[in-house]
Amino acid sequence: MAEPGASQIQLPTAFHYLNNDFLCENTPVHLIENELENTTSGEDDCRPATPLYIYSQAQLQRNIQGYKNAIQSAKMLDRIHIFYAVKANANLHLMDLVRKQNCGAVTVSGYELQAALKTGFVPEMILLNGNGKQIWEIRLALKNGCMLNVDSLFDAENIISVARELQKPARVLIRVNPGLEQSSTPVHSYLSTALKNSKFGVPLHQFDQVLELLKAEHLIQLVGLHCHVGSTIRDATVYATVTRTLLDIRQKLITQGCTNLKYLDIGGGLGIDYYHGTNQGQSPLSTTGDLIQAIASLLPPDVEVIIEPGRSIVGNTGILVTKILGIKKSPDGGKQFVVVDAAMNDLIRPSFYQAYHHVLPVRKTDSSEDVYDIVGPVCESGDFLAVDRRLTQQPVKGELLAIMDVGAYGIAMASNYNMRGRAMEVMVDGNKWKIIRRRENFDSLVRTMID
């Protein structure tokens, strides 16, 4: 069955049509592309401006404010803290906007940690997560006074070793793996992170061993517990279950003398509506307000909660603009392909997760609709952006398409496969826009290769 057409969807408020032109805030998308095309003409072998990532500053700020309003409504202003999941999108300009909203940052690598520090996040509100932290990354976190998650026995040993080397205290949380079944986390298996066979977190059968190791070291300050069950979560009751699990463990630890357990980090992963209301078969999507309400009533007065939103903050702030290179049919005539200049190296989610992203024309025309596969130029059969997609107008060579909801895990997961340079990124603010990341060219790709 063909996927829903563009005419039915409910657009994020920052993206909309006006007189058949697709706008980001108050700026027509085709005008951004056209100006960039003219500006870069003659450079980089006369490459076009596309593929091109465009973000809405207003949508980003609106998404963060949604969390803040929900926290305020629950009367939890000083007790629920937003830590942005940097892995969703680590563009420094975007991170700076998040930081200015008084958010913390959760990082999963040393360079993400450096990015958070560079953009001015308060070190005490930076958390270094990860199941395979290297010594230099742990050292960087402790030197700057950041918190760390303990993910395993060897991770605990490494953190203790670096704390002794630096003679610096380490504020840590233990990441708990509750050993869930796949059926209890209804998301793609690649996005589930608290299953009994997951690589993440301290399994319950090793918890006491890790705890005793941490308690025996005077430089370790155990300040909380952490659990992240996965991503693209649609039901906020998952977070209530996680909170109850962590509260039960916390109570047991208090009886064992752990009296400074200030934080419960319940992870992130709240989904967004990639279908924009067109997929009636999906379960209802919980809102940020549902998430906050699900946990607020469970919290004792001496507990503060960290939440780690990434996708729900930046996902619907971005689009990927791509140009149609041509249209072709399969030998048997059963498939129609729209070949575009964006590819799986620019946006891998459709190929990797079979993820859905809606596709819209940047300029509307009156023409017949039909079903197409939208594919890129990369030399892989799995290089597609949409399969069996009903487009509401006939695609034409040279016209632009907008791939929706790519602000999270779009450019962040991009690669140089087929020696393709990563795309330019632009931020829109009302009727103004600016480049926040230059596109890569051949020199960019070979600069780090040693002669």
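Preceding this section is the structure that the text describes.
Keep in mind it's a predicted model, so treat the numbers as computed, not measured. Every residue gets a number counted from 1 within its own chain, in the order that chain's sequence is written. The predicted nature of this model means local features are confined to residues of pLDDT at least 70 and side-chain atom pairs, given and counted, to a pLDDT of 80 or more, with totals for whole chains, interfaces and linings taken over all residues. Excluded from the side-chain calculations are hydrogens and water; all other atoms, namely the structure's heavy atoms, are used.

1. Some words on empty space enclosed by the protein
Points on a 1 Å grid over protein atoms alone make up a cavity when a 1.4 Å probe fits among them but cannot get out, and a pocket when they form an open set with protein on both sides within 12 Å along at least five of seven lines; lining residues each have an atom within 4 Å of a point. Grid points are joined across faces, edges and corners, and a volume is the space filled by probe spheres set on the points. In this structure the tally under the stated criterion is one cavity of 30 Å³ or more. In this structure, the largest cavity occupies an estimated 60 Å³ of space. Every residue lining the largest cavity is listed: Ile324, Val359, Leu360, Pro361, Leu391, Thr392, Gln393, Gln394, Pro395, Glu399, Leu400 and Leu401. In this description a helix means any DSSP run of H or I spanning at least four residues, a strand means any run of E spanning at least two, and both kinds are numbered starting from the N terminus. Secondary-structure elements contributing two or more residues to the lining of the largest cavity are β16 (359–361) and β19 (400–403). Per-element tally for the lining of the largest cavity: the top contributor is β16, with three residues. Here the lining of the largest cavity is composed, by residue class, of eight nonpolar, three polar and one charged. Basically, the charged four are Asp, Glu, Lys and Arg, the nonpolar ten are Ala, Val, Leu, Ile, Met, Phe, Trp, Tyr, Cys and Pro, and anything else, Gly included, counts as polar.

2. Considering helix α7 (residues 204–215)
Expected span of a helix: the number of residues minus one, times 1.5 Å. Over its twelve residues, α7 extends 17 Å from the first C-alpha to the last, a length consistent with the 16 Å expected when each residue adds 1.5 Å. A simple rule labels every residue: compare its accessible area, found with a 1.4 Å probe on the protein chains alone, to the largest value its type can have, and call it buried under 20%, exposed over 50%, or partly exposed in between. Listed as buried for α7 are Phe207, Val210, Leu211 and Leu214. Angularly, the buried residues of α7 cover 105° about the axis, an arc narrow enough to put them on a single face. Turned more than 90 degrees off the buried face of α7, the exposed positions are His205 and Asp208. Elements that come into contact with the buried residues of α7 comprise β8 (147–150), α6 (153–166), β9 (170–177), β10 (202–203), β11 (220–226) and α8 (237–255). By arc we mean the arc of the directions from the helix axis to the C-beta atoms, nothing more. Here a residue-residue contact requires only that any non-hydrogen atoms of the pair lie within 4.5 Å.

3. A word on the packing of aromatic side chains
Any two rings among Phe, Tyr and Trp, with Trp reduced to its six-membered ring, count as a pair given centres within 6.5 Å; such a pair is stacked if its planes are under 30 degrees apart, edge-to-face if over 60, and tilted if neither. Tallied over the full model, the rule gives six aromatic pairs. Aromatic side chains Tyr17 and Phe22 sit 5.0 Å apart centroid to centroid with 50° between the ring planes, which places their arrangement in the tilted category. The exposure class of Phe22 is buried, given its relative accessible area of 0%. When the ring of Tyr53 is compared with that of Tyr55, the centres are 6.3 Å apart and the planes differ by 15°; the resulting orientation is stacked. The same class applies to Tyr53 and to Tyr55, which are both buried. Every member of this aromatic cluster is reached through a ring pair, and the members are Phe15, Tyr17 and Phe22. Of note, Lys364 hangs over the ring of Tyr17, and the distance from its end group to the ring centre comes to 4.1 Å. For a ring to carry a charge above it, either NZ of a lysine or CZ of an arginine must fall within 6 Å of the ring centroid while also lying within 35 degrees of the normal to the ring plane.

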